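In case you want the letters, here they are:
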Amino acid sequence: MSGIDAKRVRTRHFFEAKAAGSPISALTSYDAMSARIFDEAGIDMLLVGDSAANVVLGRETTLSITVDEMIVFAKAVVLAARRALVVVDLPFGSYEISPEQAVSSAVKIMKETGAQAVKVEGGVERAETISAIVTAGIPVCGHIGFTPQSEHALGGPVIQGRGSGAENLTRDARAVEAAGAFAVVLEMVPAVIAAQVTRDIEIATIGIGAGPDTDGQILVWQDAFGFNRAKTARFVRHYANLGDSLLDAARAYADDVSARSFPAAEESYE
């Protein structure tokens, strides 16, 4: 059941959901078929994440994906989604040089995809960038805690916000809020810290590996639904085993072809 009661989800509904205590559901999506299904299911936000580099393109990190590649995925999702808010990641290298570069990248994505918002990684150090994009009329979702585009600088997928890091995380959240973001993703953060940040700011928090007390939750769909058959993070709950199902189906098809039992008469034309 969706946490947002709207025929078409807008950024303002995130503020309303937080105020009402209605949890926000979000999933990644990179293609029209998955987007159509998730939209029908009532998912509130579809994120065209730079994680497409991993789960679609098979790359080790997200760092190499480009704006043009993100646009291809985002176009498909936007065409299929009728209700969900579609947010697109600004990929690594498309916004770090200057706020002007960030606005240019965000404008290109919005114009060419029809998406409703972009997502930017970083806290205090990205406040000016977020503000510039918002001033240009483009909604921004922030992303703090573990930020995959900074994986090498952070020393790998390390939990953020422990000990003295909690104060830094709070500063980041407040900076993102002050810069004008409508929501912020909290990734790989201790649950108690994520809960405190959620209470401290007025914009919605969307957790991934951040405990149950954020305003919403997001997962990479290939992880949550078992399409990714590799080991997944501790914070992933498995709702299906689509990878095993697809493997079984592909084997059955190969067997039928080998046995010449497919196609049968009813699958052939006279």
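Looking at an unreviewed UniProt entry, one finds the protein chain named 3-methyl-2-oxobutanoate hydroxymethyltransferase and attributed to Corynebacterium casei LMG S-19264. Of the comments in the UniProt record for the protein chain, the one headed Subcellular location (unreviewed entry) reads "Cytoplasm". Of the protein chain, the UniProt comment under Sequence similarities (unreviewed entry) reads exactly: "Belongs to the PanB family."

Applying the stated criterion across every chain yields a total of seven aromatic pairs. Between the aromatic rings of Phe38 and Trp221, the centroid separation amounts to 5.8 Å while the plane-to-plane angle is 65 degrees, which identifies the pairing as edge-to-face. Of this pair, Phe38 sits in helix α2 (residues 32–41) while Trp221 sits in helix α10 (residues 221–224), placing them 183 residues apart in sequence. An aromatic cluster of at least three residues, connected via ring pairs, comprises Phe38, Trp221, Phe225, Phe227 and Tyr239.

Moving on to the layout of surface pockets. By volume, the second largest pocket is sized at about 330 Å³. Along the walls of the second largest pocket sit 22 residues, with Gly122, Glu125, Gly145, Thr147 and Ser150 positioned nearest its centre. Listing elements by their share of the lining of the second largest pocket, those giving two or more residues are β5 (140–145), α7 (151–154) and α8 (165–178). Looking at the lining of the second largest pocket element by element, the count peaks at four residues for α8. Of the residues belonging to the lining of the second largest pocket, the class tally is six nonpolar, 11 polar and five charged.

All right, on to the UniProt feature "active site" (unreviewed entry) in the protein chain then. According to UniProt, the "active site" (unreviewed entry) feature falls on Glu187. Its place among the elements puts Glu187 in strand β6 (residues 183–187). The class for Glu187 is buried, based on a relative accessible area of 10%.

The strand order around the closed barrel formed by eight strands is β1-β2-β3-β4-β5-β6-β7-β8, and the pairing between neighbours is parallel. On average, each strand axis in the sheet is inclined to that of its neighbour by 25 degrees, with strand direction left out of account. The sheet contact formed by strand β2 (residues 45–48) and strand β3 (residues 85–89) spans four bridges and is parallel. Bridge pairing in β3 places Met45 opposite Leu85.

Rules behind the numbers
- Residues numbered from 1 in each chain as written.
- Predicted model: local features only at pLDDT ≥ 70, side-chain atom pairs only at ≥ 80, totals over all residues.
- Heavy atoms only, no water.
- UniProt positions renumbered as here; feature names shortened; annotations may be inferred.
- Phe/Tyr/Trp six-rings, centres within 6.5 Å; stacked < 30°, edge-to-face > 60°.
- Helix = DSSP H or I, 4+ residues; strand = E, 2+ residues; numbered from the N terminus.
- 1 Å grid on protein atoms, 1.4 Å probe; cavity = no way out; pocket = protein on both sides within 12 Å on 5 of 7 lines; lining within 4 Å.
- Points joined across faces, edges and corners; volume = space filled by probe spheres on them.
- Nonpolar A, V, L, I, M, F, W, Y, C, P; charged D, E, K, R; others polar.
- Buried < 20%, exposed > 50% of the residue type's maximum accessible area, 1.4 Å probe, protein only.
- Pairing = 2+ DSSP bridges.
- Axes fitted to C-alpha atoms, helices over the stretch in contact; angles between N-to-C directions.

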